Amino acid sequence: MRALEEDREFRYAVAGLIGIREVLERLDGIEKNQERIWQEIRGLREEQVRAWQEMGKTKEEIVKLWQEVRGLREEQVKIWQEMEKTREEIKGLREEQARTWREIEKTWREIEGLREEQAKTWREIEKLWEEIKGLREEQARTWREIEKTWEEVRELRRGQEKLWTEVRGLRTSFEQLGRSVGMTLDHYAAAFIKELLIERGYPEAVKVEAEVKLKDPKSKRTWEIDVFCENPLVVGEVTTTVGTAEEAEAEVSKLLERVSFVKELYGEEVQLKLLVVANASAEAKERLRALAQRHDLTVLVGRELSEL
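Each value, and the rule that gives it
Residues numbered from 1 in each chain as written. Predicted model: local features only at pLDDT ≥ 70, side-chain atom pairs only at ≥ 80, totals over all residues. Heavy atoms only, no water. Salt bridge = Lys/Arg side-chain N within 4 Å of Asp/Glu carboxyl O. Buried < 20%, exposed > 50% of the residue type's maximum accessible area, 1.4 Å probe, protein only. Helix = DSSP H or I, 4+ residues; strand = E, 2+ residues; numbered from the N terminus. Pairing = 2+ DSSP bridges. Phe/Tyr/Trp six-rings, centres within 6.5 Å; stacked < 30°, edge-to-face > 60°. Lys NZ or Arg CZ within 6 Å of the ring centre and 35° of its normal. Core = buried A, V, L, I, M, F, W, Y, C linked by side-chain atoms within 4.5 Å. Contact = heavy atoms within 4.5 Å.

Caption draft 1: Examining the pattern of salt bridges more closely. Summed over all chains, the structure comprises eleven salt bridges. Among the salt bridges present, the one from Glu 35 reaches Arg 42, with a minimum N-O distance of 3.8 Å. A relative accessible area of 41% places Glu 35 in the partly exposed class. Judged by relative accessible area, Arg 42 falls into the partly exposed class, the value being 41%. The salt bridge involving Glu 237 is made with Lys 254; its shortest N-O contact spans 3.0 Å. Taken together, the residues Glu 237 in strand E3 (residues 234-242) and Lys 254 in helix H6 (residues 245-266) connect sequence positions 17 residues apart. Under the relative-accessibility criterion, Glu 237 is labelled buried at 1%. Residues participating in the shared-partner salt-bridge network are Glu 237, Lys 254 and Arg 258.

Caption draft 2: Quick peek at the pairing of strand E2 (residues 222-229). For E2, the buried fraction is high: six of the eight residues fall into the buried class. Relative to E2, strand E1 (residues 208-215) runs antiparallel, the two being bridged by seven bridges. Its bridge partner being in E2, Lys 213 is matched across the sheet by Glu 224. Linking two consecutive strands that pair antiparallel, namely E1 and E2, is a turn of six residues; a positive phi of about 65° is found at Lys 220 within it. Sheet analysis places E2 next to E3, joined by three bridges and oriented antiparallel. If you follow Cys 229 over to E3, its bridge partner there is Val 234. Between E2 and E3, which follow one another and run antiparallel, lie four residues.

Caption draft 3: Layout of the packing of aromatic side chains. One pass over the structure, following the stated rule, counts two aromatic pairs. On the numbers, 5.0 Å between centres and 15° between planes, the contact of Trp 223 with Phe 261 is stacked. Here Trp 223 is found in strand E2, whereas its partner Phe 261 is found in helix H6, with 38 residues between them in sequence. Here Trp 223 falls in the buried class, since its relative accessible area comes to 9%. The exposure class assigned to Phe 261 is buried, which follows from its relative accessible area of 7%. For the pair Phe 228 and Tyr 266, a centre-to-centre distance of 6.0 Å together with 40° between the ring planes defines the contact as tilted. Highlighted residues: Phe 228 in strand E2 and Tyr 266 in helix H6, separated in sequence by 38 residues. Among the residues examined, Phe 228 registers a relative accessible area of 3% and is labelled buried. On the accessibility criterion, Tyr 266 (27% relative accessible area) is partly exposed. The cationic tip of Arg 221 hangs over the ring face of Trp 223; the distance from NZ or CZ to the ring centre is 3.6 Å.

Caption draft 4: A look at the nonpolar core. Leu 214, Phe 228, Val 235, Val 262, Leu 275, Val 277 and Leu 288 are the most contacted members of the largest nonpolar core, which totals 25 residues. Of all the elements in the fold, those that place two or more residues in this core are E1, E2, E3, H6, strand E4 (272-280), helix H7 (282-295) and strand E5 (298-301). It is H6 that contributes the most residues to this core, six residues altogether. Setting aside residues up to four positions removed in sequence, Phe 228 forms contacts with Lys 207, Val 208, Glu 209, Val 212, Leu 214, Leu 233, Val 234, Val 235, Val 262 and Tyr 266. Residues Ala 189, Val 234, Val 238 and Val 276 belong to the second largest nonpolar core, which totals 16 residues.

Caption draft 5: Spotlight on the environment of Leu 256. If you trace the backbone, Leu 256 turns up in helix H6. Separated by 17 residues in sequence, Leu 256 and Lys 273 have C-alpha atoms that sit 8.4 Å apart. Look past the residues within four positions of Leu 256 in its chain and what remains in contact with it is His 295 and Leu 297.

Written out as structure tokens, the structure is:
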């Protein structure tokens, strides 16, 4: 403040930075002019005193003096107008500065909002990581369950291999017995299906019969069923050769007719629907595979009775 009051050049420099240096310079000039004017006025007054004293001053000089005074007053009015204009500019600068500060405060509020949003985002990411951790733990448990399932599958395969060994033994025995007593493929298939049911958990006493005849109480028709089990309900059709896709469709249609009859007769669903084919062409196998998927059938093909 002392520098502003005592150092004119420093004061002008500061005034120049805020845009009023020119006004201050003009004000200084006006002050100097006013000082000179006052000096002149004092001189005039002294002259006037001397004039009155001397009575030699003319009215024209007095009129001129008043004209100069009016000019000075007009100049002073202009100075005040310039000062008022300067004040208005300063006021506008202050308002602009206030708006700038409001914008800065608004920007800071937006930054604070962004920080809060970022914190919220990090919390969501933390939650996602927790969920991923949970999923990984669940996945680990699932893999353990899968490993247990594979162990059970391996056990089932070992049981299946044992079953096939027994079936092959049965096949040999049945072939020998068949040659001795004339046993048919139907009996062989019935024995195989009994072993299959035991492997699936049914008791060894399960009764599977070959060449069974059932009578329809409504139509009095007698149905011949190649392989039959009452509990669980099993219906099987046995044929020696299927050479074409048409023959495959005919055999499946024949089996489905018997399945429908047994279902109506016993009033319950047939648990196992089998078609046993001793010999089948590649075309017939392909068609049998498609029909088995469509009608939920089990198709056994070949002398080893392997499933399609």
